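Given next are the chains, with one letter for each unit.
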Amino acid sequence: MGRLEALAESVIKGDIDAAVTQTQGALDEGLDVQRIISDSLITAMDVVGERFSKGQIFVPQMLRAAKTMQQCMKLLEPFLKEGDVVPKGKVLIGTVRGDLHDIGKNLVAMMLDGAGFTVTDLGVDVSPETFVQKTHEVQPDILGMSALLSTTMPAMRQTIEALQKADLRDTCKVMIGGAPVTAKYAQEIGADSYAPDAGSAVGEAKKLLGIS
Amino acid sequence: MPWTSARRIADSSMIIVAEKINTSRKSVADAVEKRDAQSIIKLARDQAEAGADYIDVNAGTFLDRETECLCWLVETVQGAVSLPLCLDSPNPKALSQALKLHKGVPIINSISLDADRFASLLSVVTSEECQVVALCMAGTGMPRTAEERVLAGSELVGKLVSEGLPLERILVDPLVQPISVDTSTGTAALEALGGMMTRFPGVKTICGLSNVSFGLPHRGLINRNFLALCICRGLSAAILDPTDSQLMATLLSAEMLLGQDEYCEKYINAYQRGRIG
(Lines give C-alpha, C1' and ligand atoms only; values in the text may rest on other atoms or scores of the structure.)
Protein backbone atom coordinates (compact mmCIF):
# COMPACT_ATOMS: atom_id res chain seq x y z
CA MET A 1 0.00 0.00 0.00
CA GLY A 2 1.34 3.43 -0.92
CA ARG A 3 1.62 6.23 1.57
CA LEU A 4 -1.49 8.00 0.32
CA GLU A 5 -3.58 4.85 0.42
CA ALA A 6 -2.36 4.10 3.93
CA LEU A 7 -3.30 7.61 5.05
CA ALA A 8 -6.74 7.26 3.49
CA GLU A 9 -7.18 3.97 5.32
CA SER A 10 -6.29 5.63 8.66
CA VAL A 11 -8.82 8.43 8.03
CA ILE A 12 -11.53 5.89 7.21
CA LYS A 13 -10.73 4.06 10.45
CA GLY A 14 -10.59 7.32 12.38
CA ASP A 15 -7.13 6.52 13.71
CA ILE A 16 -6.01 10.07 14.51
CA ASP A 17 -2.49 9.24 15.69
CA ALA A 18 -1.63 7.11 12.66
CA ALA A 19 -3.20 9.60 10.24
CA VAL A 20 -1.30 12.54 11.70
CA THR A 21 1.99 10.62 11.59
CA GLN A 22 1.33 9.57 8.00
CA THR A 23 0.42 13.11 6.97
CA GLN A 24 3.66 14.38 8.49
CA GLY A 25 5.51 11.59 6.70
CA ALA A 26 3.96 12.54 3.39
CA LEU A 27 4.94 16.16 3.92
CA ASP A 28 8.50 15.19 4.88
CA GLU A 29 8.75 13.09 1.76
CA GLY A 30 7.84 16.17 -0.26
CA LEU A 31 4.52 14.89 -1.56
CA ASP A 32 2.28 17.52 -3.07
CA VAL A 33 -0.09 18.98 -0.48
CA GLN A 34 -2.99 19.13 -2.91
CA ARG A 35 -2.51 15.49 -3.73
CA ILE A 36 -2.48 14.53 -0.06
CA ILE A 37 -5.77 16.33 0.38
CA SER A 38 -7.54 15.08 -2.72
CA ASP A 39 -6.13 11.55 -3.01
CA SER A 40 -6.05 10.69 0.69
CA LEU A 41 -8.30 12.83 2.81
CA ILE A 42 -11.19 13.61 0.48
CA THR A 43 -11.09 10.14 -1.05
CA ALA A 44 -11.31 8.69 2.44
CA MET A 45 -14.26 10.86 3.37
CA ASP A 46 -16.05 9.87 0.16
CA VAL A 47 -15.71 6.24 1.21
CA VAL A 48 -16.93 7.08 4.71
CA GLY A 49 -20.00 8.91 3.40
CA GLU A 50 -20.84 6.08 1.06
CA ARG A 51 -20.48 3.40 3.73
CA PHE A 52 -22.60 5.48 6.10
CA SER A 53 -25.38 5.87 3.52
CA LYS A 54 -25.38 2.12 3.02
CA GLY A 55 -25.65 1.48 6.76
CA GLN A 56 -22.24 -0.21 6.88
CA ILE A 57 -20.83 2.26 9.39
CA PHE A 58 -22.51 4.44 12.00
CA VAL A 59 -22.58 8.04 13.20
CA PRO A 60 -19.73 7.77 15.74
CA GLN A 61 -17.45 6.25 13.10
CA MET A 62 -18.31 9.02 10.66
CA LEU A 63 -17.63 11.68 13.30
CA ARG A 64 -14.33 10.06 14.14
CA ALA A 65 -13.22 9.97 10.53
CA ALA A 66 -14.14 13.64 10.08
CA LYS A 67 -12.23 14.57 13.22
CA THR A 68 -9.22 12.67 11.93
CA MET A 69 -9.37 14.52 8.62
CA GLN A 70 -9.58 17.86 10.45
CA GLN A 71 -6.43 17.07 12.44
CA CYS A 72 -4.59 16.19 9.22
CA MET A 73 -5.78 19.41 7.59
CA LYS A 74 -4.30 21.39 10.49
CA LEU A 75 -0.88 20.03 9.54
CA LEU A 76 -1.38 20.75 5.86
CA GLU A 77 -2.93 24.20 6.00
CA PRO A 78 0.33 26.13 6.64
CA PHE A 79 1.65 24.73 3.35
CA LEU A 80 -1.35 25.72 1.29
CA LYS A 81 -1.10 28.78 -0.90
CA GLU A 82 -4.03 30.88 -1.97
CA GLY A 83 -5.85 29.10 -4.78
CA ASP A 84 -4.05 25.81 -4.15
CA VAL A 85 -7.21 23.98 -3.34
CA VAL A 86 -10.17 24.73 -5.50
CA PRO A 87 -13.28 24.12 -3.41
CA LYS A 88 -15.92 21.88 -4.97
CA GLY A 89 -18.41 24.63 -4.30
CA LYS A 90 -19.80 26.97 -1.66
CA VAL A 91 -22.56 25.75 0.61
CA LEU A 92 -24.66 27.88 2.93
CA ILE A 93 -26.45 25.79 5.52
CA GLY A 94 -28.76 26.23 8.49
CA THR A 95 -31.69 24.88 10.49
CA VAL A 96 -34.86 26.77 9.62
CA ARG A 97 -36.78 29.29 11.72
CA GLY A 98 -38.37 27.99 14.89
CA ASP A 99 -36.26 24.84 14.91
CA LEU A 100 -33.35 24.42 17.30
CA HIS A 101 -32.21 20.95 16.23
CA ASP A 102 -28.68 20.96 14.94
CA ILE A 103 -27.37 17.40 15.02
CA GLY A 104 -28.40 16.38 11.51
CA LYS A 105 -27.44 19.74 10.06
CA ASN A 106 -24.02 19.55 11.72
CA LEU A 107 -23.39 16.09 10.31
CA VAL A 108 -24.28 17.28 6.81
CA ALA A 109 -22.05 20.37 7.15
CA MET A 110 -19.19 18.21 8.41
CA MET A 111 -19.46 15.72 5.55
CA LEU A 112 -19.69 18.47 2.92
CA ASP A 113 -16.63 20.11 4.45
CA GLY A 114 -14.85 16.76 4.38
CA ALA A 115 -15.75 16.32 0.73
CA GLY A 116 -14.06 19.58 -0.19
CA PHE A 117 -16.93 22.06 -0.17
CA THR A 118 -16.60 25.42 1.57
CA VAL A 119 -19.35 25.44 4.15
CA THR A 120 -20.86 28.48 5.87
CA ASP A 121 -23.00 27.30 8.77
CA LEU A 122 -25.64 29.78 9.94
CA GLY A 123 -26.62 27.67 12.95
CA VAL A 124 -30.20 27.08 14.11
CA ASP A 125 -33.46 29.05 14.03
CA VAL A 126 -32.40 30.84 10.84
CA SER A 127 -35.13 33.12 9.49
CA PRO A 128 -35.94 33.35 5.77
CA GLU A 129 -34.64 36.95 5.93
CA THR A 130 -31.27 35.79 7.27
CA PHE A 131 -31.03 33.06 4.62
CA VAL A 132 -31.73 35.70 1.96
CA GLN A 133 -29.25 38.19 3.36
CA LYS A 134 -26.50 35.58 3.68
CA THR A 135 -27.22 34.18 0.22
CA HIS A 136 -26.69 37.67 -1.07
CA GLU A 137 -23.41 38.02 0.86
CA VAL A 138 -21.89 34.56 0.46
CA GLN A 139 -23.25 33.76 -3.01
CA PRO A 140 -23.34 30.02 -2.38
CA ASP A 141 -23.70 27.38 -5.06
CA ILE A 142 -25.99 25.44 -2.76
CA LEU A 143 -28.31 26.55 0.02
CA GLY A 144 -29.01 23.74 2.50
CA MET A 145 -31.94 23.80 4.92
CA SER A 146 -32.68 21.39 7.74
CA ALA A 147 -35.82 20.86 9.85
CA LEU A 148 -36.47 18.16 12.42
CA LEU A 149 -40.04 19.16 13.23
CA SER A 150 -43.05 18.79 11.00
CA THR A 151 -44.17 22.12 12.44
CA THR A 152 -41.09 23.97 11.18
CA MET A 153 -41.02 22.45 7.71
CA PRO A 154 -43.18 25.29 6.28
CA ALA A 155 -40.26 27.66 6.97
CA MET A 156 -38.43 25.87 4.14
CA ARG A 157 -41.13 26.91 1.70
CA GLN A 158 -41.12 30.44 3.15
CA THR A 159 -37.37 30.66 2.68
CA ILE A 160 -37.61 29.57 -0.95
CA GLU A 161 -40.35 32.14 -1.51
CA ALA A 162 -38.20 34.81 0.13
CA LEU A 163 -35.31 33.89 -2.18
CA GLN A 164 -37.62 34.24 -5.17
CA LYS A 165 -38.80 37.65 -3.99
CA ALA A 166 -35.20 38.79 -3.59
CA ASP A 167 -34.40 37.53 -7.10
CA LEU A 168 -31.85 35.11 -5.65
CA ARG A 169 -33.58 31.79 -6.29
CA ASP A 170 -31.78 31.24 -9.57
CA THR A 171 -28.37 32.04 -8.13
CA CYS A 172 -28.12 28.78 -6.18
CA LYS A 173 -29.48 25.27 -5.83
CA VAL A 174 -31.61 24.47 -2.79
CA MET A 175 -31.16 21.20 -0.93
CA ILE A 176 -33.31 20.18 2.05
CA GLY A 177 -33.31 17.41 4.63
CA GLY A 178 -34.35 16.37 8.14
CA ALA A 179 -36.37 13.56 9.71
CA PRO A 180 -39.89 14.63 8.58
CA VAL A 181 -38.72 15.89 5.17
CA THR A 182 -39.34 13.81 2.05
CA ALA A 183 -38.37 13.96 -1.63
CA LYS A 184 -42.03 14.66 -2.36
CA TYR A 185 -42.03 17.66 -0.04
CA ALA A 186 -38.85 18.96 -1.70
CA GLN A 187 -40.60 18.79 -5.03
CA GLU A 188 -43.74 20.45 -3.67
CA ILE A 189 -41.93 23.49 -2.36
CA GLY A 190 -39.64 23.84 -5.36
CA ALA A 191 -36.36 22.72 -3.78
CA ASP A 192 -33.81 21.23 -6.18
CA SER A 193 -32.80 18.31 -4.07
CA TYR A 194 -33.53 16.20 -0.99
CA ALA A 195 -30.92 14.28 0.97
CA PRO A 196 -32.04 11.61 3.46
CA ASP A 197 -28.75 11.56 5.41
CA ALA A 198 -25.32 13.16 5.73
CA GLY A 199 -23.65 10.66 3.43
CA SER A 200 -26.06 11.12 0.57
CA ALA A 201 -26.02 14.92 1.04
CA VAL A 202 -22.50 14.89 -0.40
CA GLY A 203 -23.57 12.84 -3.41
CA GLU A 204 -26.60 15.08 -3.96
CA ALA A 205 -24.47 18.22 -3.71
CA LYS A 206 -22.06 16.89 -6.32
CA LYS A 207 -24.94 15.90 -8.57
CA LEU A 208 -26.44 19.38 -8.28
CA LEU A 209 -23.19 20.99 -9.35
CA GLY A 210 -22.40 18.40 -11.98
CA ILE A 211 -19.22 17.09 -10.33
CA SER A 212 -18.39 13.42 -10.23
CA MET B 1 -63.05 4.31 36.34
CA PRO B 2 -63.10 5.73 32.84
CA TRP B 3 -60.96 8.58 31.53
CA THR B 4 -58.38 8.31 34.28
CA SER B 5 -55.15 6.49 34.69
CA ALA B 6 -55.25 6.38 38.47
CA ARG B 7 -54.27 2.73 38.52
CA ARG B 8 -50.64 3.19 37.64
CA ILE B 9 -50.12 6.57 39.23
CA ALA B 10 -51.51 5.21 42.48
CA ASP B 11 -49.19 2.19 42.56
CA SER B 12 -46.22 4.44 41.71
CA SER B 13 -45.11 2.47 38.67
CA MET B 14 -44.16 4.08 35.40
CA ILE B 15 -46.80 6.16 33.66
CA ILE B 16 -46.90 4.87 30.11
CA VAL B 17 -47.66 7.32 27.32
CA ALA B 18 -48.28 5.25 24.21
CA GLU B 19 -46.60 6.84 21.22
CA LYS B 20 -47.91 5.14 18.09
CA ILE B 21 -50.72 7.50 17.00
CA ASN B 22 -48.42 10.05 15.43
CA THR B 23 -48.83 11.29 11.87
CA SER B 24 -45.08 11.31 11.35
CA ARG B 25 -45.69 7.58 10.83
CA LYS B 26 -46.94 7.18 7.28
CA SER B 27 -49.63 4.58 8.04
CA VAL B 28 -51.10 6.89 10.69
CA ALA B 29 -50.97 9.91 8.38
CA ASP B 30 -52.85 7.89 5.73
CA ALA B 31 -55.46 6.78 8.27
CA VAL B 32 -56.02 10.36 9.46
CA GLU B 33 -56.18 11.64 5.88
CA LYS B 34 -58.84 9.07 5.00
CA ARG B 35 -60.58 9.43 8.38
CA ASP B 36 -60.08 5.69 8.72
CA ALA B 37 -61.36 5.38 12.28
CA GLN B 38 -60.94 1.59 12.43
CA SER B 39 -57.15 1.75 12.00
CA ILE B 40 -56.80 4.43 14.66
CA ILE B 41 -59.11 2.55 17.03
CA LYS B 42 -57.05 -0.60 16.58
CA LEU B 43 -53.84 1.26 17.46
CA ALA B 44 -55.55 2.80 20.48
CA ARG B 45 -56.98 -0.52 21.73
CA ASP B 46 -53.76 -2.46 21.17
CA GLN B 47 -51.78 0.12 23.13
CA ALA B 48 -54.41 0.35 25.89
CA GLU B 49 -54.45 -3.41 26.25
CA ALA B 50 -50.65 -3.48 26.39
CA GLY B 51 -50.65 -1.19 29.42
CA ALA B 52 -50.91 2.41 28.22
CA ASP B 53 -51.97 5.00 30.78
CA TYR B 54 -52.26 7.76 28.20
CA ILE B 55 -52.59 7.55 24.44
CA ASP B 56 -50.47 10.15 22.66
CA VAL B 57 -52.13 11.81 19.66
CA ASN B 58 -50.07 13.88 17.25
CA ALA B 59 -51.28 15.36 13.95
CA GLY B 60 -48.38 17.78 13.50
CA THR B 61 -47.62 16.80 9.91
CA PHE B 62 -50.99 18.15 8.81
CA LEU B 63 -49.75 21.69 9.48
CA ASP B 64 -52.67 24.03 8.71
CA ARG B 65 -55.17 21.18 9.09
CA GLU B 66 -53.68 20.07 12.42
CA THR B 67 -56.56 21.39 14.55
CA GLU B 68 -59.30 19.44 12.76
CA CYS B 69 -57.14 16.32 12.56
CA LEU B 70 -56.18 16.45 16.23
CA CYS B 71 -59.82 16.95 17.22
CA TRP B 72 -60.85 13.99 15.09
CA LEU B 73 -58.16 11.87 16.76
CA VAL B 74 -59.34 12.87 20.24
CA GLU B 75 -62.94 11.90 19.49
CA THR B 76 -61.99 8.73 17.64
CA VAL B 77 -59.57 7.44 20.27
CA GLN B 78 -61.71 8.34 23.29
CA GLY B 79 -64.72 6.84 21.53
CA ALA B 80 -62.94 3.50 21.70
CA VAL B 81 -60.81 3.45 24.86
CA SER B 82 -61.48 4.92 28.29
CA LEU B 83 -58.10 6.55 28.73
CA PRO B 84 -56.96 10.15 28.90
CA LEU B 85 -54.76 11.38 26.07
CA CYS B 86 -51.45 13.09 25.66
CA LEU B 87 -52.17 16.00 23.30
CA ASP B 88 -48.93 16.27 21.40
CA SER B 89 -48.63 19.68 19.77
CA PRO B 90 -47.02 23.08 20.28
CA ASN B 91 -50.01 24.72 18.55
CA PRO B 92 -52.23 26.62 21.04
CA LYS B 93 -55.22 26.68 18.70
CA ALA B 94 -55.13 22.92 18.06
CA LEU B 95 -54.65 22.28 21.77
CA SER B 96 -57.49 24.48 23.00
CA GLN B 97 -59.92 22.95 20.49
CA ALA B 98 -58.80 19.42 21.34
CA LEU B 99 -59.12 20.17 25.06
CA LYS B 100 -62.78 21.08 24.64
CA LEU B 101 -63.48 17.60 23.30
CA HIS B 102 -61.19 15.72 25.65
CA LYS B 103 -62.60 13.72 28.56
CA GLY B 104 -60.53 13.39 31.73
CA VAL B 105 -57.24 15.07 32.58
CA PRO B 106 -54.87 15.07 29.60
CA ILE B 107 -51.16 15.67 29.31
CA ILE B 108 -50.20 18.60 27.08
CA ASN B 109 -46.92 17.94 25.27
CA SER B 110 -45.23 20.41 25.51
CA ILE B 111 -44.23 23.85 26.75
CA SER B 112 -40.74 25.40 26.75
CA LEU B 113 -38.99 28.64 27.68
CA ASP B 114 -39.24 29.87 24.12
CA ALA B 115 -40.98 33.20 24.74
CA ASP B 116 -43.69 32.89 22.06
CA ARG B 117 -44.45 29.29 22.85
CA PHE B 118 -44.58 29.95 26.59
CA ALA B 119 -46.89 32.92 26.24
CA SER B 120 -49.27 31.23 23.82
CA LEU B 121 -49.51 27.95 25.73
CA LEU B 122 -49.68 29.36 29.23
CA SER B 123 -53.34 30.34 29.01
CA VAL B 124 -54.15 26.91 27.57
CA VAL B 125 -52.46 24.95 30.36
CA THR B 126 -53.78 27.13 33.17
CA SER B 127 -57.37 27.46 31.90
CA GLU B 128 -58.16 23.74 31.81
CA GLU B 129 -57.36 20.96 34.20
CA CYS B 130 -54.36 19.29 32.63
CA GLN B 131 -50.80 18.15 33.10
CA VAL B 132 -48.02 19.65 31.04
CA VAL B 133 -44.67 18.45 29.73
CA ALA B 134 -41.98 21.06 30.42
CA LEU B 135 -38.92 20.84 28.16
CA CYS B 136 -35.50 21.48 29.74
CA MET B 137 -34.33 23.81 27.01
CA ALA B 138 -33.54 27.49 26.88
CA GLY B 139 -35.09 29.53 24.10
CA THR B 140 -31.82 29.54 22.19
CA GLY B 141 -30.74 25.96 21.59
CA MET B 142 -30.59 22.35 22.59
CA PRO B 143 -29.01 21.77 26.01
CA ARG B 144 -25.66 19.94 26.14
CA THR B 145 -24.88 19.31 29.78
CA ALA B 146 -26.89 18.22 32.81
CA GLU B 147 -26.36 21.71 34.29
CA GLU B 148 -27.85 23.42 31.24
CA ARG B 149 -30.86 21.13 31.47
CA VAL B 150 -31.41 21.70 35.19
CA LEU B 151 -30.97 25.45 34.75
CA ALA B 152 -33.51 25.71 31.93
CA GLY B 153 -35.85 23.20 33.60
CA SER B 154 -35.74 25.05 36.91
CA GLU B 155 -36.53 28.37 35.28
CA LEU B 156 -39.48 26.87 33.41
CA VAL B 157 -40.88 24.98 36.41
CA GLY B 158 -40.48 28.13 38.51
CA LYS B 159 -42.43 30.16 35.96
CA LEU B 160 -45.21 27.60 35.66
CA VAL B 161 -45.60 27.28 39.43
CA SER B 162 -45.70 31.05 39.85
CA GLU B 163 -48.50 31.10 37.27
CA GLY B 164 -50.48 28.77 39.50
CA LEU B 165 -49.76 25.38 38.02
CA PRO B 166 -49.24 22.83 40.82
CA LEU B 167 -45.89 21.01 40.76
CA GLU B 168 -47.67 17.65 40.55
CA ARG B 169 -49.12 18.64 37.20
CA ILE B 170 -45.73 19.26 35.64
CA LEU B 171 -43.80 16.54 33.82
CA VAL B 172 -40.20 17.63 33.25
CA ASP B 173 -38.59 16.32 30.04
CA PRO B 174 -34.77 16.41 30.26
CA LEU B 175 -34.48 16.07 26.46
CA VAL B 176 -32.75 12.90 25.46
CA GLN B 177 -30.14 13.38 22.74
CA PRO B 178 -28.28 10.87 20.56
CA ILE B 179 -25.43 9.11 22.30
CA SER B 180 -23.81 8.55 18.87
CA VAL B 181 -22.94 12.22 18.52
CA ASP B 182 -21.70 12.82 22.06
CA THR B 183 -21.19 9.97 24.50
CA SER B 184 -21.90 12.24 27.46
CA THR B 185 -25.52 12.93 26.48
CA GLY B 186 -26.86 9.82 28.22
CA THR B 187 -25.50 10.76 31.62
CA ALA B 188 -26.44 14.41 31.03
CA ALA B 189 -30.10 13.47 30.66
CA LEU B 190 -29.98 10.97 33.54
CA GLU B 191 -28.34 13.45 35.90
CA ALA B 192 -30.86 16.11 34.89
CA LEU B 193 -33.69 13.73 35.80
CA GLY B 194 -32.27 13.26 39.28
CA GLY B 195 -31.36 16.93 39.60
CA MET B 196 -34.85 18.18 38.78
CA MET B 197 -36.55 15.75 41.16
CA THR B 198 -34.22 16.71 43.98
CA ARG B 199 -34.78 20.42 43.38
CA PHE B 200 -38.53 20.13 43.02
CA PRO B 201 -39.81 17.31 45.22
CA GLY B 202 -43.14 16.16 43.82
CA VAL B 203 -42.46 17.14 40.23
CA LYS B 204 -42.79 14.33 37.69
CA THR B 205 -40.36 13.47 34.94
CA ILE B 206 -40.96 12.14 31.44
CA CYS B 207 -38.90 11.29 28.42
CA GLY B 208 -38.93 9.70 25.03
CA LEU B 209 -36.42 6.92 24.49
CA SER B 210 -35.72 6.56 20.81
CA ASN B 211 -33.62 9.73 20.33
CA VAL B 212 -30.85 8.19 22.40
CA SER B 213 -30.12 5.49 19.82
CA PHE B 214 -30.09 7.63 16.66
CA GLY B 215 -27.20 6.73 14.38
CA LEU B 216 -26.48 3.34 15.93
CA PRO B 217 -27.36 -0.27 15.13
CA HIS B 218 -29.83 -2.32 17.19
CA ARG B 219 -31.69 0.71 18.43
CA GLY B 220 -34.24 -1.34 20.36
CA LEU B 221 -31.54 -2.82 22.56
CA ILE B 222 -30.14 0.62 23.35
CA ASN B 223 -33.61 2.04 24.05
CA ARG B 224 -34.42 -0.81 26.45
CA ASN B 225 -31.26 -0.36 28.44
CA PHE B 226 -31.68 3.38 28.56
CA LEU B 227 -35.23 2.92 29.90
CA ALA B 228 -33.85 0.74 32.72
CA LEU B 229 -31.27 3.42 33.57
CA CYS B 230 -34.00 6.11 33.57
CA ILE B 231 -36.15 4.00 35.86
CA CYS B 232 -33.21 3.71 38.22
CA ARG B 233 -33.05 7.53 38.34
CA GLY B 234 -36.76 7.71 39.21
CA LEU B 235 -38.35 8.51 35.84
CA SER B 236 -42.11 8.93 36.35
CA ALA B 237 -43.40 8.60 32.81
CA ALA B 238 -42.11 7.31 29.49
CA ILE B 239 -43.28 7.94 25.96
CA LEU B 240 -42.94 4.53 24.33
CA ASP B 241 -44.60 1.75 22.37
CA PRO B 242 -46.27 -0.48 24.96
CA THR B 243 -46.91 -3.15 22.33
CA ASP B 244 -43.12 -3.68 22.16
CA SER B 245 -42.99 -6.74 24.41
CA GLN B 246 -39.22 -6.67 24.90
CA LEU B 247 -39.38 -3.06 26.01
CA MET B 248 -42.23 -3.80 28.41
CA ALA B 249 -40.36 -6.82 29.78
CA THR B 250 -37.40 -4.53 30.47
CA LEU B 251 -39.70 -2.06 32.20
CA LEU B 252 -41.29 -4.67 34.44
CA SER B 253 -38.05 -6.40 35.36
CA ALA B 254 -36.27 -3.10 36.08
CA GLU B 255 -39.11 -1.94 38.34
CA MET B 256 -39.06 -5.27 40.12
CA LEU B 257 -35.30 -5.09 40.65
CA LEU B 258 -35.73 -1.63 42.14
CA GLY B 259 -38.23 -2.91 44.69
CA GLN B 260 -41.29 -1.40 43.04
CA ASP B 261 -43.16 -4.68 42.49
CA GLU B 262 -44.26 -6.30 45.72
CA TYR B 263 -44.04 -10.11 45.62
CA CYS B 264 -42.85 -9.62 42.03
CA GLU B 265 -46.52 -9.83 41.23
CA LYS B 266 -46.62 -7.71 38.09
CA TYR B 267 -43.58 -9.41 36.62
CA ILE B 268 -44.95 -12.90 37.25
CA ASN B 269 -48.42 -11.94 35.99
CA ALA B 270 -46.91 -10.65 32.78
CA TYR B 271 -44.97 -13.87 32.39
CA GLN B 272 -48.04 -16.00 33.04
CA ARG B 273 -50.00 -14.05 30.45
CA GLY B 274 -47.26 -14.82 27.93
CA ARG B 275 -46.00 -11.25 27.80
CA ILE B 276 -42.44 -12.06 28.82
CA GLY B 277 -40.06 -14.54 27.24
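Conventions and cut-offs
- Residues numbered from 1 in each chain as written.
- Chains lettered and ligands numbered in written order.
- Predicted model: local features only at pLDDT ≥ 70, side-chain atom pairs only at ≥ 80, totals over all residues.
- Domains from an automatic or database assignment.
- Helix = DSSP H or I, 4+ residues; strand = E, 2+ residues; numbered from the N terminus.
- Nonpolar A, V, L, I, M, F, W, Y, C, P; charged D, E, K, R; others polar.
- Axes fitted to C-alpha atoms, helices over the stretch in contact; angles between N-to-C directions.
- Parallel < 35°, antiparallel > 145°, perpendicular 65-115°, else oblique.
- Left-handed = near helix turned anticlockwise from the far one by under 90°.
- Contact = placed C-beta atoms within 7 Å.
- Expected span 1.5 Å × (residues − 1).
- Buried ≥ 20, exposed ≤ 12 C-beta atoms within 10 Å, placed from the backbone.
- Pairing = 2+ DSSP bridges.
- Core = buried A, V, L, I, M, F, W, Y, C linked by C-beta atoms within 7 Å.
- pLDDT = per-residue confidence, 0-100.
- Right-handed = clockwise from strand over helix to strand, strands pointing away.

**Q** Just give me the short version of the domain arrangement of chain B, but keep the residues and values in it.
**A** All names here are of chain B. When cut into domains, chain B gives domain 1 (15-104) and domain 2 (106-243). On a C-alpha basis, the centroid separation for the pair domain 1 and domain 2 is 21 Å. Looking at the side of domain 1 that touches domain 2, the elements with two or more residues in it are β1 (15-22), α3 (37-49), β2 (54-58), β3 (85-88) and α5 (92-101). A total of six residues in the side of domain 1 that touches domain 2 trace back to one element, the largest contributor, which is β1. Taken together, the residues of the side of domain 1 that touches domain 2 sort by class into 15 nonpolar, five polar and five charged.

**Q** Could you give me a rundown of the packing of helix α10 (residues 245-257) of chain B against helix α11 (residues 265-272) of chain B, with the residues and numbers involved?
**A** Two quantities define a packed helix pair, namely the angle between the axes and the distance from one axis to the other. All names here are of chain B. At a closest axis distance of 9 Å, the pairing of α10 and α11 adopts a crossing angle of 150°. Considering the angle they form, α10 stands roughly antiparallel to α11. In this structure, α10 crosses over α11, and the sense of that crossing is left-handed. Residue-level contacts link L252, S253 and M256 of α10 to K266, Y267 and A270 of α11. Counted by class, the contact of α10 with α11 contains four nonpolar, one polar and one charged residues.

**Q** Summarise the interface of chain B and chain A; cite the residues concerned and give the values.
**A** Between chain B and chain A, the residue contacts involve 13 residues of the former and 13 residues of the latter. Of the residues belonging to the side of chain B that touches chain A, the class tally is seven nonpolar, six polar and no charged.

**Q** For the domain arrangement of chain A, give the residues involved together with the corresponding values.
**A** The accessible area lost on association of the parts is a frequent measure of interface size. Residues and elements named next belong to chain A. Taken as a whole, chain A is organised into domain 1 (3-79) and domain 2 (90-209). One C-alpha centre belongs to domain 1, the other to domain 2, and the line joining them spans 26 Å. Domain 1 puts 10 residues into the contact, and the matching count from domain 2 is 10 residues. Where the side of domain 1 that touches domain 2 is concerned, the elements lending two or more residues are α3 (33-53) and α4 (59-76). The dominant element in the side of domain 1 that touches domain 2, judged by the number of residues it contributes, is α3, at seven residues.

**Q** Tell me what's going on with helix α5 (residues 103-114) of chain A, and back it up with residues and numbers.
**A** All names here are of chain A. A rise of 1.5 Å per residue sets the reference length of α5, with its 12 residues, at 16 Å; its end C-alpha atoms lie 16 Å apart and thus fit the reference within 8%. When you tally the buried positions in α5, you get 11 out of 12 residues, the bulk of the element. Taken together, the buried positions of α5 are occupied by I103, G104, K105, L107, V108, A109, M110, M111, L112, D113 and G114. A positive phi of about 100° marks G116, the residue just after α5.

**Q** Report on the sheet that holds strand β4 (residues 107-111) of chain B, specifying residues and quantitative values.
**A** Residues and elements named next belong to chain B. Ordered by their spatial adjacency, eight strands build a closed barrel running β1-β2-β3-β4-β5-β6-β7-β8, and the pairing between neighbours is parallel. Here the strands of the sheet are splayed against their neighbours by 25° on average, with no regard to which way each runs. Looking at chain direction, strand β6 (residues 170-173) and strand β7 (residues 204-208) are connected through two bridges and run parallel. Note that in β7 the partner of V172 across the bridge is T205.

**Q** Please give an account of the nonpolar core that cites residues and values.
**A** Ranked by internal contacts, the top residues of the largest apolar core, which has 83 residues, are I55(B), A134(B) and A238(B). A domain-level breakdown of this core finds at least three residues from each of domain 1 (15-104) and domain 2 (106-243) of chain B. In contact with A238(B), other than residues within four places in its own chain, are M14(B), I16(B), V17(B), I206(B), C207(B), L209(B) and L227(B). One finds A44(A), A66(A), I93(A) and I103(A) within the second-largest nonpolar core, a separate group that totals 66 residues.

**Q** Go over the confidence of the model for chain B with me, naming the residues and quoting the values.
**A** Residues and elements named next belong to chain B. On average, residues of chain B carry a pLDDT of 92, and 96% of them reach 70 or more. Of the regions scoring below 50 in pLDDT, residues 6-12 engages in six contacts with residues more than four places distant in sequence or in other chains. The ipTM assigned to the predicted complex is 0.85, against a pTM of 0.89.

**Q** Residue-level account of the pairing of β3(B), with values.
**A** All names here are of chain B. Burial along β3 is two-sided: the face carrying L85 and L87 and the face carrying C86 and D88 are both buried. Tracing the backbone out of β2, into helix α4 (residues 66-78) and back to the parallel element β3 gives a crossover that is right-handed. Pairing between β3 and β4: three bridges, direction parallel. Looking across to β4, one finds that L87 is bridged to I108.

**Q** Outline the environment of G141(B), supporting the account with residue identities and numerical values.
**A** Structurally, G141(B) is set in the loop between β5 (131-135) and α7 (146-162). Its 15 C-beta neighbours within 10 Å are what place G141(B) among the partly exposed residues. Each C-alpha atom, one on G141(B) and one on D114(B), is 9.7 Å from the other, the two residues being 27 residues apart in sequence. Setting aside chain neighbours within four positions, we find G141(B) in contact with L100(A) and V124(A).

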